[in-house]
Amino acid sequence: MADSAAFELACTVLERDTPLSRLEARGTIRLTIKAAGLDSRSVTPDQMAVVAANLLSGELASRGVGDGDRVCSTLRRELDGVETSGAVETPDAVFARLGGV
Amino acid sequence: MEIIAGLSVGCLILTALLVAIKTFALWSRTRGTPELMLAMYLTCCTVIGYPLTIATTRFSPAEMLPLHLGVPVLMSAGVICLLFFTLKVFRPAALWARVLVALAILMLATGGIAFFFELTSETPRPIEQLLGVNLINTIPIAFAYFWATGESLGYYRQLRLRLRLGLAEVAIVNRVLLWGLMTLAAGIAVVIGLIGMVLGTFLSAPFVLAFSCLGIAHASCLFLAFHPPGWYTDWLTRRTPAEAI
């Protein structure tokens, strides 16, 4: 299963706007979304925006990227244009439905 | 002891019946596969299968052969529904999961056929002596429960992290946890049942007490997960995400 569009965009922004290499950028995003309990294959633009707002700046600072806040703002802005692909139903969506019987 | 056992069985069957009816009703509106699998699992294994399994301890195969032949079929059907529920909800695209489900179904079918031939033979052995057949039947059932537990509790761990960022709802996180605990209780009961059968002490007091406690835990988790009373949902939503995890 391929990584989600939101994940790919976040990697692209980090690679473009920070000194991190492609591999470092992808690793940073992967670790950050994992710390948020998310998965690179299913993370949505909304979830990625929350991660960018709350966790990513700190992760970038720990990797010596100084202008993390600016990068995160850019990422959140660009995530607005990404459409959510609703291909696979997530387990929490199923359990939400089952509870609303 | 008998009162506790009766209470446990009654609570579990009634709770499963309630949740199964509600889930069938939900399925009639949504036509979702997970709803159907959950409702079928509860109906086959708990609402009908569980009391009939207890009945098999009261009547020998010679007295009631159709009961002894029907129960494994019913329980296997329920377990297969549970396997498909876990597959569909947690691992819809994983090839390894499909292979494991297929293997489990194959084992259930093999065990069922072996059980059928044993019971319909001229001199059927008592169930306590059918260790091989019992193992073939029990392994996929235990796998179905413990796999569901592993997937649920693993997903619960992810949801806890999301909760801190406001990316998950407390009620849903709790429901996933309760489902994991419910399947864990059922899985432990299956393993204890096998041990009891091997030792020939299936109906001894310690085993009945263990089954009763696990049954009450099972029923409580099922009820709170899928039919939570108002006070419980209020209590959950009052807790901050930090407290809830």
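Caption draft 1: Spotlight on the overall build of chain A. Broken down by element type, chain A carries five helices and zero strands. Reading the secondary structure of chain A in the N-to-C direction produces α-α-α-α-α. Against the compact-globule benchmark of 13 Å for 101 residues, chain A has a radius of gyration of 14 Å, which places it among compact chains. When its C-alpha atoms are laid out on the principal axes, chain A stretches across 50 × 20 × 20 Å. Split into buried and exposed, the 101 residues of chain A put 40% on the buried side. Considering only residue pairs separated by 6 or more positions, chain A has 58% of its internal contacts joining residues 24 or more positions apart.

Caption draft 2: Fine view of the overall build of chain B. Within chain B, the secondary structure is distributed over nine helices and zero strands. Going residue by residue from the N terminus, the α and β elements of chain B occur as α-α-α-α-α-α-α-α-α. Here the C-alpha radius of gyration of chain B, 19 Å, is about what a compact globule of 245 residues would show, namely 18 Å. With respect to the principal axes defined by its C-alpha atoms, chain B has extents near 65 × 45 × 35 Å. Every one of the 245 residues in chain B was classed for burial, and the buried ones make up 41%. Counting only contacts in chain B whose residues sit at least 6 apart along the sequence, the fraction spanning at least 24 positions is 73%.

Caption draft 3: Spotlight on unusual backbone geometry. Residues and elements named next belong to chain B. Even without being glycine, Arg31 reaches a positive phi, approximately 60°. Mapped onto the elements of the fold, Arg31 is located in the loop between helix H1 (2-30) and helix H2 (33-56). When the 9 C-beta atoms within 10 Å are taken as the criterion, Arg31 is described as exposed.

Caption draft 4: Fine view of the interface of chain B and chain A. On the chain A side, the residues contacting the 28 residues of chain B number 18 residues. Mapped by element, the contributors of at least two residues to the side of chain B that touches chain A are H1, H2, helix H3 (65-90), helix H5 (131-164) and helix H6 (170-199) of chain B. With six residues, the top contributor of residues to the side of chain B that touches chain A is H5(B). The class makeup of the residues in the side of chain B that touches chain A is 18 nonpolar, five polar and five charged.

Caption draft 5: Region of the structure containing the confidence of the model for chain B. Residues and elements named next belong to chain B. Within chain B, residue pLDDT values average 90, and 98% of them lie at 70 or more. Ranking the elements of chain B by mean pLDDT puts helix H9 (residues 241-244) last with 55 and H3 first with 95. Under the prediction, the complex receives an ipTM of 0.88, its pTM being 0.90.

The rules behind each value
- Residues numbered from 1 in each chain as written.
- Chains lettered and ligands numbered in written order.
- Predicted model: local features only at pLDDT ≥ 70, side-chain atom pairs only at ≥ 80, totals over all residues.
- Helix = DSSP H or I, 4+ residues; strand = E, 2+ residues; numbered from the N terminus.
- Rg over C-alpha atoms; globule rule 2.2 N^0.38 Å.
- Buried ≥ 20, exposed ≤ 12 C-beta atoms within 10 Å, placed from the backbone.
- Contact = placed C-beta atoms within 7 Å.
- Nonpolar A, V, L, I, M, F, W, Y, C, P; charged D, E, K, R; others polar.
- pLDDT = per-residue confidence, 0-100.

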